[in-house]
Amino acid sequence: MQASSFPSRTGARTQVAIVGAGPAGLLLAQLLHRAGVATVVLEQRSQEHVLGRIRAGIIEQVTQDLLDEAGVGQRMHREGLVHHGIALAFAGRRHRLDLHALTGGRAVRVYGQTEITRDLMAAREAAGLPTVYEAAEVQLHGFDAPHPRVSWREGGQLRELACDFIAGCDGFHGISRASVPPRALAVFERLYPFGWLGLLADTPPVSDELIYSNHARGFALCSMRSPTRSRHYLQCSLADRVERWSDDDFWDELRRRLDPAAAEALVTGPSLEKGIAPLRSFVVEPMRFGRLFLAGDAAHIVPPTGAKGLNLAASDVRYLSRALIEHYAERSDAGLDAYSARCLRRVWKAERFSWHMTSLLHRFPDTDDFGHKLQEAELDYLVHSRAAATALAENYVGLPLED
Ligand code: RFL
Ligand code: PHB
């Protein structure tokens, strides 16, 4: 289905062609629109498919501020849940980290990525701006020269669009990064020997706040989307298949990996969605090639343990939107020239934090009893040392942006 069709033909042009209608692409488009910069968004999947992906749940203050700036924060303020703390569970006990007290009054908000995407799509549609869904065979041309173009197939017909810049917001498997000559890229990657099995259910959350649990059987996370909808994850083997997990199997295994009070409080019910995601750390440098700018998962992936992926996509978009607006309004390319290095400084700190949280909380194939005792000792240190707890808290709520 096509929400708002773009009457493209040879000779059509825009200022910024945006590839991908995930949160990065749609947020960039909305911020540019509010500054009077014209965009066309090209998305390979249908609108329903994009909205059907259940992903992130935790958003930092920086991301909330950006949604407000984009004029799409109203429902997030109404329906999102402000969380002042998280719990770390290990050795059969649960310990609260008071994020609010440890960070001088900061917090995170539970508001699903699906809802953010829905709000951004609604704003774009209301403004009558062009988004092409089900754009097949998107290709990027000439971004190493002054006049880039993008082409795609729509209903079997070849379309083409000239532009000043291309924003590659098409996620990890997208075409944008793949269009750059490999010799121009440095890739940094780490794969983890396990995945996450996620389950969404209309059951009340186990607790008012998220529980991250380190257990000898593997990691577990109890999260939520609302006071009546829970989202849980279990560390699973990469060889696992979602069909092998009945809902009952999932709930039984989750219960085993929780502290006794949480296990007691767990309310089960039929799953609305169940899926397995692999865990990966990935960064590509640089994030700019001529007139192509990568943003979000197209340039970097973090394992979800630190809840940073969507938030990093948002901070890239903040830097990129300001740089493009500065280019058009002030004829200055300073922001565009600084974009890659500025993003990467924040990206690498989030990579470090996400890797650390993953290492601390999961059972690795080579985690022996000694290794598990070390994890428990570090967790014990974390929850009893204000200095260590502060370091975790300030990363979890989100590090500050550069001006
Ligand atoms: P997306 O969301 O992948 O969107 C990219 C879009 O581009 C389209 N596309 C193309 N379009 C045209 N032509 C092509 N050739 C194309 N190829 C792809 C795709 O269809 C898609 O619509 O990337 P974006 O916008 O950069 O957003 C990134 C976030 O989606 C991601 O980082 C987060 O979901 C990560 N994440 C979390 N992040 C957080 O900040 N907090 C969390 O609590 C959190 N939890 C999670 C997560 C990711 C998870 N999974 C499944 C990987 C929990 C999980 C389980
Ligand atoms: C989620 O609610 O989907 C979620 C929350 C925290 C994480 C990862 C995912 O660290």
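Residues numbered from 1 in each chain as written. Chains lettered and ligands numbered in written order. Predicted model: local features only at pLDDT ≥ 70, side-chain atom pairs only at ≥ 80, totals over all residues. Heavy atoms only, no water.

Here we come to the overall build of the protein chain. When helices and strands are tallied, the protein chain shows 13 helices and 21 strands. On C-alpha atoms alone, the protein chain measures out to a radius of gyration of 22 Å, which is about the 22 Å that the 2.2 N^0.38 rule sets for 403 residues. In terms of principal-axis extent, the alpha carbons of the protein chain reach across some 65 × 40 × 40 Å. Within the protein chain, the fraction of its 403 residues that count as buried is 56%. (Helix = DSSP H or I, 4+ residues; strand = E, 2+ residues; numbered from the N terminus. Rg over C-alpha atoms; globule rule 2.2 N^0.38 Å. Buried < 20%, exposed > 50% of the residue type's maximum accessible area, 1.4 Å probe, protein only.)

In the region of ligand 1, 32 residues are neighbours, and Glu-43, Arg-53, Gln-113, Asp-297 and Leu-310 sit closest. Here an oxygen atom of ligand 1 sits 3.2 Å away from a polar atom, N or O, in the main chain of Ala-307. Leu-310 places a main-chain nitrogen or oxygen 2.7 Å from an oxygen atom of ligand 1. Starting from 1,000 Å² of accessible surface for ligand 1 in isolation, the protein chains cover 88%. (Near = heavy atom within 4 Å. Polar contact = N/O pair within 3.5 Å; in protein donor to acceptor, adjacent residues only side chain to side chain. Areas by Shrake-Rupley, 256 points an atom, 1.4 Å probe, with all protein chains shown as cover.)

Once that is clear, we can look at the side chain of Arg-109. Among the secondary structure elements, Arg-109 is positioned in strand β8 (residues 108-110). One buried charged residue, Arg-109, forms no salt bridge at all, with the nearest opposite charge on Asp-68 at 7.2 Å. Polar contacts involving the side chain of Arg-109 include one to the main-chain carbonyl oxygen of Met-76, which spans 3.3 Å. Side-chain polar atoms of Arg-109 contact the side chain of His-77, separated by 3.5 Å. Beyond its immediate sequence surroundings of up to four residues, Arg-109 is in contact with Gly-57, Ile-58, Ile-59, Gln-64, Met-76, His-77, Gly-80, Leu-81 and Val-82. (Lys, Arg positive; Asp, Glu negative; His and termini not counted. Salt bridge = Lys/Arg side-chain N within 4 Å of Asp/Glu carboxyl O. Contact = heavy atoms within 4.5 Å.)

A few words now on the layout of surface pockets. Considering only enclosed or pocket space, the second largest pocket measures out at about 270 Å³ in volume. Of all the elements in the fold, those that place two or more residues in the lining of the second largest pocket are α6 (113-126) and β16 (220-226). Considering every element that reaches the lining of the second largest pocket, the biggest residue donor is α6, with 3 residues. Tallied by class, residues from the lining of the second largest pocket come to 4 nonpolar, 5 polar and 6 charged. (1 Å grid on protein atoms, 1.4 Å probe; cavity = no way out; pocket = protein on both sides within 12 Å on 5 of 7 lines; lining within 4 Å. Points joined across faces, edges and corners; volume = space filled by probe spheres on them. Nonpolar A, V, L, I, M, F, W, Y, C, P; charged D, E, K, R; others polar.)

Neighbouring ligand 2 are 14 residues; Tyr-212, Ser-223, Arg-225, Tyr-233 and Pro-304 lie closest to it. The separation between an oxygen atom of ligand 2 and a polar side-chain atom of Ser-223 is 2.6 Å. In this structure, an oxygen atom belonging to ligand 2 sits 3.5 Å away from a main-chain N or O atom of Thr-305. Look at ligand 2: alone it shows 280 Å² of surface, and the protein chains cover 97% of it. Going through the elements one at a time, β16 and β17 (229-236) are the ones with two or more residues in the shell around ligand 2. Here the shell around ligand 2 is composed, by residue class, of 8 nonpolar, 3 polar and 3 charged.

Take Arg-225: it is sitting in strand β16. Of the side chains with opposite charge, Glu-115 lies nearest to the buried Arg-225, which makes no salt bridge, at 7.3 Å. Only 2.8 Å separates the side chain of Arg-225 from the backbone oxygen of Arg-55, close enough to count as a polar contact. In this structure Arg-225 touches Ile-54, Arg-55, Ala-56, Gly-57, Val-110, Gly-112, Leu-200, Arg-231 and Tyr-233, once residues within four positions along its chain are discounted.

Per the stated rule, a full pass over the model turns up 0 disulfides. We note that Cys-169 lacks a disulfide partner, and the nearest cysteine sulfur, in Cys-343, lies 11 Å from it. Cys-236 takes part in no disulfide bond, and the closest cysteine sulfur to it belongs to Cys-222, at a distance of 16 Å. The exposure class of Cys-236 is buried, given its relative accessible area of 5%. (Disulfide = S-S within 2.5 Å.)

Take the pattern of salt bridges next. The tally for this structure, following the rule as stated, stands at 26 salt bridges. One salt bridge connects Glu-273 with Arg-231, and the closest N-O pair in it is separated by 3.0 Å. Here the residue Glu-273 occupies a position in strand β18 (residues 271-285), and Arg-231 occupies one in strand β17, the gap between them amounting to 42 residues. Looking at Glu-273, the relative accessible area reads 24%, which means it is partly exposed. With a relative accessible area of 4%, Arg-231 lands in the buried category. Members of the salt-bridge network, linked through shared partners, are Arg-75, Glu-79, Glu-115, Arg-118 and Asp-119.

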